[in-house]
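Structural description and commentary
Okay, here's what each chain looks like letter by letter:
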Amino acid sequence: MIAEKISKPIRILHVEDNRPDSDLVRFILKKANINVKILVVEDRKEFIDSLYHFNPDIILSDHTLPSFNSIEVIRILKDMKIDIPVILITGTVSEEFAVLIMKEGASDYLLKDRLERLPIAITQVLEKWEINKDVESIKYALDVSSIVAITDAAGLVISVNQNFCVQSKFAREELIGKDLRMLNSGEHTKNFMRNLWETITNGNLWHGEIKNKAKDGTFYWLDTMITPSLKNGKSYQYIAISTDITERKIAEQEKNSLQTSLEKSLNEIYTFDPITLQFTYGNNGALLNLGYSEKELYALTPLDIKPEHTLATFLELTSPLVNNVKAKIIFFTNHQRKNGSIYPVEVHLQLMLTGNKSQFLAVVLDITERKKAEQELVDSEKKFRLLSRQLDLQNNRLVNAQSVAKTGSWETKIATLDMQWSEETFNIFGLDPKEFNPTHSGFLNLVHPDDRKKVDAAFCGSIGTNTTNSIEHKIYTKSGEEKIVEERWYLEYDHDDKPLKAIGTCQDITSRKKAEIALQYVTERLQLATKAARAGVWDLDLAQDKLIWDDVMFAIYNLNTNDFSGTGQAWSEHLHPEDLEQTNQDLLDAIQGIREFDCTFRIIWKDKSVRYIKGNAIVERDTEGKAVRIIGTNRDITKEKNAEEILELQNLELKKTNSELDKFVYSVSHDLRAPLTSMLGVIDISLKRTHEDQTAERLNMLKKSVNKLDGFILDILNYSRNSRLELKKEKINLKELIDDVFNNLKYIGGNIRQVEFRCKVDEQLSVYSDKIRLNIVLNNLISNAIRYQNNENSNPFVEVQAETTNSETHIRITDNGIGIEKKFRTKIFDMFYKVSDVSFGSGLGLYLVKESLNKLEGSIKVQSVLGKGTSFLIVIPNN
Amino acid sequence: MNTTNSNFQFKNLWVIDDNEIDLYLAQMFIEEASFAEEISLFNSPLKALELLKCLENKPEQLPQFIFLDIRMPVMDGFEFLTEYDKFPDSIKLNCIVIMLSSSLDPNDQRKIENNSLVKQFLSKPLSEETLGRLKKEFK
């Protein structure tokens, strides 16, 4: 630069009023071979003018002029903002003056007597000036183009340029001396900042992007270069030069997000080569949906994923693009994934020119969902049509139902008392909808005069209620037919609770009513009939286990209506537990159709008494033969049953008696014959063995047998008398009777020893009873005591004691005989029972005693110790 | 059957009857008929049972015949048979039981027919003819 300047003449403005001085300068400069152009001026005015017209590069000034001095020159330049170096030429100058003039702005000064230095001085000054100007320009350029901050080694701000202030929105005063960290945005990590500091403190350049926070909290991005200034190898200040890249950053982020979005877009984006048709790009969406990797995709062409297209069809499809007829085509097809599955797509295809190459760009939309939605729409449309058809159907059904149920519907508007009737309502009233306009009063006219008042009252009374109201009444149809109808209706209100309308139904119940009456009649007849038969009627609904009884049933079971819960289970609780199983089984058999229900069972009343019941029933079945209902009767047959039982008992007794009789006859005949056969035997022997003289013994044997026979016959007689003879009660002196018996038995004969008789009976004691029977009793007991004496006992005795109370007489007969073994003690009273091997007696004795005592209404008890003795206690009533 | 002594048909015979006259008669007739060498008379069936039990291992002392009365006190003829049935076959097969009775009760007759232990039923009184028939039958 300087070289260029030197070739061009240096324009010098010389402020000098002394000609020789100015000539000298000219001369010196010429001698120095410096290309100059000099203009000399002498006063201020000239000076100022020349500044404009001459355009000097440098000013030489004499210090003192008549109206002017160099200080003024400098000042004028300053004021006019003209940037030209000034060299002062002066005669003598003091040190203070020199310093002053330099301070004012002179670039150099020269002593007049040292003018040889002038060329060098000028060159140096100009050089410096140029350099300064360059530096200033650079600084300016920097200042206006960049954001500059200079900090000391600690990071405190030394200076900032205007742009910095504008960018950070801080005033210069707010920044100077502060740590730049005040602009931290929080974007950068600690590592990032540490790295930055380390770099610059080590004297290295740092370049990066920094996000800062402005005074108002907004953020901005700077592309920053930090240059450390080194002194002795150490950083003493840092110069940060930055450009604002906020917009760029934002654009970048947007671009990134856009790119990401694009990448992430589930729409499939492909590019493929127009010649080879091979894919050159597939976005994430494409790869995901198809299932191919990027590498795999690039080996494929669109035909590979379009099962419906051939090369020919595809080329035909894309020809409008190729031929520039269209800029973009849209078509629908199916794409096939790597795994073979197919999905419907909408394809937007363009032919793009990028740089030199043309590419097909396809945006593919997977329209599976859309198709689904379309299908759903069709389906729902179908559904809707179906529903409306159903609705029509239901409407028809309602009309039909009403007619079948003979129920019509109606509405009455409360305000106007106008009515709306359904088809069936018209039917019921026998009216033509075309001819009759239903109103409340019109309706009332159709109501039977007897019921009119009550119907109207019911209707009016229902207004204000919230429940369903109902009423039955008679009507006269148009043709004069009388019918019975049941009306059911409720009221509707508006939100002020004002009644709007009555909505109801009207059912023709004429036939039902008639049936009810008929049923009533039949029921009454049935009730009369069953009452007459004293049969209770029951009705069991099998499905619900509901059991209904009539009054007679309750009477039969002796229950009140609230004692019976009306179920089959409840009924079975009254059955006798022994009959429960069988009765239930019979019922089941009837239900299954195996047999009719005809069962006799017992029930138990509350008071525990048992009654016999005869139950009959008929099973009612549905069309499939399944039992649904059982209707039956119960009759109390306790009386008959009892009579039956008595009869049975009597029969049994009779049989028993008969068999006893048979037994008796055989026993009697045996016992009668036995002695006889013995006798025959003895006689035979005697006749045969006449040589033996055992006549006496044999005759004795005969006698024994005869006696036995006789005794037996007597017993039988006694037995018969006891059974048949009437009781003849008389006052009997007991002691006398006993003494008599003793006497008669004294000489009982045979091998039997006499026993001691002890009579411990009061002489006065009398008994009021039947003498014959008492005699039999005493006779038998005492004779037994004698017969069954203990042979080893030296002193056998029989003792009789007696005592009376008001109502009874007790007689005790005791002996010290052989006694009776315990196990035989009850048997001894059996007919024909003989207790001992000793074979006298008929076995009837004690039986007779028992029978006699029975007749006397007395009783007998026996105590005995085997080998020691026996004691009989007789108790007879004494009246 | 023991035929060692030709005089007597059988060696040992028991009569069980509660009536002493009938026992006497039985003895007479059996002796008369030389029916058996030894005659044992029991007026108690219990005593007879006791003895039978003792003789279980002495078969030579067992009776070949038992004449049994039906009507006896304490234990009648049928009750005796029930107890007798409990004896081992060694005893039962040795004896022939004959029931004696003056009973006309058809029940009794039926009971005897149904009882396999009783070989025959005889009516009292025993007689020469009856015993003769028996001798021939059970030779």
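Residues numbered from 1 in each chain as written. Chains lettered and ligands numbered in written order. Predicted model: local features only at pLDDT ≥ 70, side-chain atom pairs only at ≥ 80, totals over all residues. Heavy atoms only, no water.

**Overview of the overall build of chain B**
Each helix and strand in chain B was counted, giving 6 helices and 5 strands. Taken from the N to the C terminus, the helices and strands of chain B come in the order β-α-β-α-β-α-α-β-α-β-α. Within chain B, buried positions represent 53% of all 139 residues. Residue pairs in contact within chain B that sit at least 24 positions apart in sequence constitute 69% of those at least 6 positions apart. On chain B, roughly 6700 Å² of surface is accessible, and the fraction owed to carbon and sulfur atoms is 46%. (Helix = DSSP H or I, 4+ residues; strand = E, 2+ residues; numbered from the N terminus. Buried < 20%, exposed > 50% of the residue type's maximum accessible area, 1.4 Å probe, protein only. Contact = heavy atoms within 4.5 Å. Areas by Shrake-Rupley, 256 points an atom, 1.4 Å probe, with all protein chains shown as cover.)

**Comments concerning the sheet that holds strand S1 (residues 10-16) of chain B**
Two pairing modes exist for strands in a sheet, parallel and antiparallel, and in both the strands are linked by backbone hydrogen bonds. Residues and elements named next belong to chain B. The strand order across the open sheet built from 5 strands is S2-S1-S3-S4-S5, with neighbouring strands paired in parallel fashion. If you trace the sheet from one side to the other, it starts and ends with strand S2 (36-42) and strand S5 (118-123), each paired once. Strand-to-strand twist in this sheet, taken as the mean axis angle between neighbours without regard to direction, amounts to 20 degrees. For strand S4 (residues 96-101) and S5, the ladder comprises 5 bridges, and the chain directions are parallel. Bridging from a neighbouring strand, leucine 100 pairs with leucine 122 of S5. (Pairing = 2+ DSSP bridges. Axes fitted to C-alpha atoms, helices over the stretch in contact; angles between N-to-C directions.)

**Considerations on the packing of helix H26 (residues 771-787) of chain A against helix H27 (residues 845-856) of chain A**
Residue and element names in this part refer to chain A. The interhelical angle for the contact between H26 and H27, taken along N-to-C directions, is 150 degrees, at an axis separation of 9 Å. Taken together, H26 and H27 sit at an angle that is classed as roughly antiparallel. When you trace H26 past H27, the crossing you get is left-handed. Counted together, Arg773, Leu774, Ile776, Val777, Asn780, Leu781 and Asn784 of H26 and Gly845, Leu846, Leu848, Val849, Ser852, Leu853, Lys855 and Leu856 of H27 form the full contact between these two elements. Across the contact of H26 with H27, the residue classes tally to 9 nonpolar, 4 polar and 2 charged. (Parallel < 35°, antiparallel > 145°, perpendicular 65-115°, else oblique. Left-handed = near helix turned anticlockwise from the far one by under 90°. Nonpolar A, V, L, I, M, F, W, Y, C, P; charged D, E, K, R; others polar.)

**Considering the pairing of strand S16 (residues 342-354) of chain A**
Residue and element names in this part refer to chain A. Two strands pair when backbone bridges link them, and strand S15 (residues 328-336) and S16 are joined in this way by 9 bridges, in the antiparallel orientation. Across the sheet, the residue bridging to threonine 333 is valine 345, located in S16. Following S15, the chain reverses through 5 residues before pairing antiparallel with S16; glycine 340 in that reversal takes a positive phi of roughly 95 degrees. Where S16 and strand S17 (residues 357-366) come together, 10 bridges link them in antiparallel fashion. Across the sheet, residue threonine 354 finds its bridge partner in S17, namely lysine 357. What sits between S16 and S17 in their antiparallel hairpin is a turn of 2 residues, with glycine 355 showing a positive phi close to 65 degrees.

**Describing the pairing of strand S31 (residues 797-804) of chain A**
Residue and element names in this part refer to chain A. Here 5 bridges tie strand S29 (residues 756-760) to S31, and the two strands are oriented parallel to one another. Across the sheet, glutamate 756 pairs through a bridge with phenylalanine 797, a residue of S31. Across 7 bridges, the pairing between S31 and strand S32 (residues 808-815) is antiparallel. Across the sheet, glutamate 803 pairs through a bridge with histidine 810, a residue of S32. Connecting the antiparallel pair S31 and S32 is a turn made up of 3 residues.

**Observations regarding the packing of aromatic side chains**
All names here are of chain A. This model, assessed by the stated rule, comprises 26 aromatic pairs over all chains. Pairing tryptophan 197 with tyrosine 238 gives two aromatic rings, centres 5.8 Å apart and planes at 85 degrees, and the pair type is edge-to-face. You can see tryptophan 197 sitting in helix H9 (residues 190-201) and its partner tyrosine 238 sitting in strand S12 (residues 234-244), a full 41 residues away along the chain. Its relative accessible area of 4% is what places tyrosine 238 among the buried residues. One aromatic cluster is present, formed by Tyr270, Phe272, Phe279, Phe314 and Phe360 through successive ring pairs. (Phe/Tyr/Trp six-rings, centres within 6.5 Å; stacked < 30°, edge-to-face > 60°.)

**Quick look at helix H5 (residues 95-104) of chain A**
Because the α-helix completes a turn every 3.6 residues, residues three or four places apart line up on one side. Residues and elements named next belong to chain A. Of all the residues in H5, the buried ones are Phe97, Ala98, Ile101 and Glu104. Buried residues of H5, seen end-on, are gathered within an arc of 130 degrees and therefore sit on one face of the element. Set apart from the buried face of H5 by more than 90 degrees, the exposed residues are Glu95, Glu96 and Lys103. Among the structural elements, helix H4 (70-79), strand S6 (86-90) and strand S7 (108-111) are those in contact with the buried residues of H5. (Arc of directions from axis to C-beta.)

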